[in-house]
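If you want the building blocks of each chain, they are given just below.
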Amino acid sequence: MNACARVRKLLSRYIDREAGDADTAFIEAHVAVCFSCKKELRELSCVRELLLRKERRTLPEGELARRLLREVLRQRSGQEGFSPGGMGYFARRLIFLPAIGIALSAAFLILVPRQTNRYSWEEHILSGTPTTTAMTLGLLLGTRVNSTP
Amino acid sequence: MTEDVFYIEQFLDGDEKAFEALVRKYQNRVLNIVFSLVGKDRESEDIAQEAFLKAYRGLRSFGRRSRFSTWLYRIVMNTAYDFLRKRKNVVTEEEALGQSADVSGGREDVLFVLLVKEKEALIQKALNKVPLAYRAAVVLKDIEGLSYSEISRVLGCRIGTVESRIYRARQMLRKELMKLGGDVI
């Protein structure tokens with residue numbers, strides 16, 4: 001193998017700083033006197049530099065995790081039990097919201113009768129007694145828990 | 001214990017939230033590898049998501065014979081390959097060399113003007129013309145900054161093969177950039 005062919009073979013390693021000391025010394029001595037290999041080195045280094053400077057894509061923090069969460073849930077709805085170890089973390093996080101809704105509804109049904117078991121909503125308002133949030137919700141939803149004292 | 005190993009062990013112990021930490025850590029690295037291979041924003045995001053989904057499903061069978069990043073990048077590469085094969089956007093080495101301008105006849109200064117102007121779209125266009133096996137090697141080196149030995153583990157080939165693929169990829173890129181850059185400069 002002549003000197004130029006040997007340099008070309010080692011050039012990538014040299015450009016990427018992965019060549020050993022002996023190979024580095026050989027390449028540097030050769031390109032100092034060989035125009036063709038020097039040009040090759042210069043141009044391929046330039047290509048490397050262009051790639052290093054290439055604009056990097058970025059997604060907002062946690063964006064892919066959120067998308068993954070949706071995808072896992074979507075797949076789970078069509079293919080029960082695909083995730084390892086049963087329902088996955090991502091799936092659990094998305095069913096969290098409906099669970100909160102169910103819990104709030106249950107709390108409402110338990111609390112409202114206790115506070116309104118003697119009066120109708122109309123009588124309660126006419127009596128001028130302060131109204132709790134749960135009672136207001138009941139009023140808005142048209143609930144009539146216990147109409148007569 | 002590395003950060004990745006810590007999260008993997010947490011995940012295997014039942015804390016699936018640990019996987020989210022791995023996604024957060026690698027999301028942009030994976031995205032940039034995929035984008036450099038595929039060249040389309042929206043599709044790159046979908047491929048990155050698909051790769052993480054495969055990793056999520058397969059993490060329990062990950063034998064830890066290699067680093068997590070190596071294992072993840074292998075999944076990323078295979079997912080991107082599958083996508084490009086389906087799209088039938090595969091350029092052979094012969095095609096790449098045949099389409100390219102002759103270096104000896106090209107303008108040498110074109111590369112340096114591109115370097116100053118940083119013509120993003122042209123660089124990506126040139127990358128798309130490089131055959132996939134070569135593109136993958138040079139992307140893992142210059143975009144992700146892996147060492148030759150890490151690339152050889154991700155691509156499942158010898159270090160010597162990685163070395164020659166990177167060399168060939170840069171030669172092809174040079175030709176393509178001279179051709180594309182010469183048209184616009």
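Placed above this text is the structure.
Residues numbered from 1 in each chain as written. Chains lettered and ligands numbered in written order. Predicted model: local features only at pLDDT ≥ 70, side-chain atom pairs only at ≥ 80, totals over all residues. Heavy atoms only, no water.

Some details on the overall build of chain B
- Looking only at helices and strands, one finds ten helices and zero strands in chain B.
- Ordered by position from N to C terminus, the α and β elements of chain B give α-α-α-α-α-α-α-α-α-α.
- Counting only residues that meet the buried cut, chain B has 54% of its 185 residues in that class.
- Looking at chain B alone, contacts between residues at least 24 apart form 73% of all its contacts between residues at least 6 apart. (Helix = DSSP H or I, 4+ residues; strand = E, 2+ residues; numbered from the N terminus. Buried < 20%, exposed > 50% of the residue type's maximum accessible area, 1.4 Å probe, protein only. Contact = heavy atoms within 4.5 Å.)

Considerations on the nonpolar core
- The biggest cluster of nonpolar side chains holds 66 residues, and the ones touching the most others in it are Phe 19 and Leu 155 of chain B.
- Grouped together as the second largest cluster of nonpolar side chains are eleven residues, Val 7, Ile 15, Cys 34 and Cys 37 of chain A included. (Core = buried A, V, L, I, M, F, W, Y, C linked by side-chain atoms within 4.5 Å.)

Thoughts on the packing of helix H4 (residues 63-78) of chain A against helix H2 (residues 17-38) of chain B
- Interhelical geometry of H4 of chain A versus H2 of chain B gives an angle of 130° and a closest axis separation of 8 Å. Taken together, the axes of H4 of chain A and H2 of chain B lie oblique to each other. Classified by chirality, the crossing of H2 of chain B by H4 of chain A is right-handed. In contact with Glu 63, Leu 64, Ala 65 and Leu 68 of chain A of H4 of chain A, H2 of chain B contributes Phe 19, Glu 20, Val 23 and Gln 27 of chain B.
- Of the residues assigned to the contact of H4 of chain A with H2 of chain B, the class counts are five nonpolar, one polar and two charged. (Axes fitted to C-alpha atoms, helices over the stretch in contact; angles between N-to-C directions. Parallel < 35°, antiparallel > 145°, perpendicular 65-115°, else oblique. Left-handed = near helix turned anticlockwise from the far one by under 90°. Nonpolar A, V, L, I, M, F, W, Y, C, P; charged D, E, K, R; others polar.)

A word on the pattern of salt bridges
Residue and element names in this part refer to chain A.
- Enumeration over the complete set of coordinates arrives at 26 salt bridges over all chains.
- For Arg 53, the salt bridge identified is with Glu 49, shortest N-O distance 3.7 Å. Pair noted here: Arg 53 and Glu 49 are both in helix H3 (residues 35-53), with a separation of four residues, about one helical turn.
- Residue classification places Glu 49 among the partly exposed positions, given a relative accessible area of 28%. (Salt bridge = Lys/Arg side-chain N within 4 Å of Asp/Glu carboxyl O.)

Focus on the environment of Glu 63 of chain A
- You can see Glu 63 of chain A is positioned in helix H4.
- A distance of 2.9 Å separates a polar atom in the side chain of Glu 63 of chain A from a polar atom in the side chain of Arg 67 of chain A. (Polar contact = N/O pair within 3.5 Å; in protein donor to acceptor, adjacent residues only side chain to side chain.)

Quick look at the packing of H2 of chain B against helix H3 (residues 41-58) of chain B
Residues and elements named next belong to chain B.
- In contact at an axis separation of 8 Å, H2 and H3 are set at 135° when each is read in the N-to-C sense. Classified by the angle their axes make, H2 and H3 are oblique. In terms of crossing hand, the pair formed by H2 and H3 is right-handed. Contact with H2, carried on its side by Phe 19, Leu 22, Val 23, Tyr 26, Gln 27, Val 30, Leu 31, Val 34, Phe 35 and Val 38, involves Asp 41, Glu 43, Ser 44, Glu 45, Ile 47, Ala 48, Phe 52, Ala 55 and Tyr 56 of H3 and no other residues of that element.
- Here the residues of the contact of H2 with H3 are counted per class, giving 14 nonpolar, two polar and three charged.

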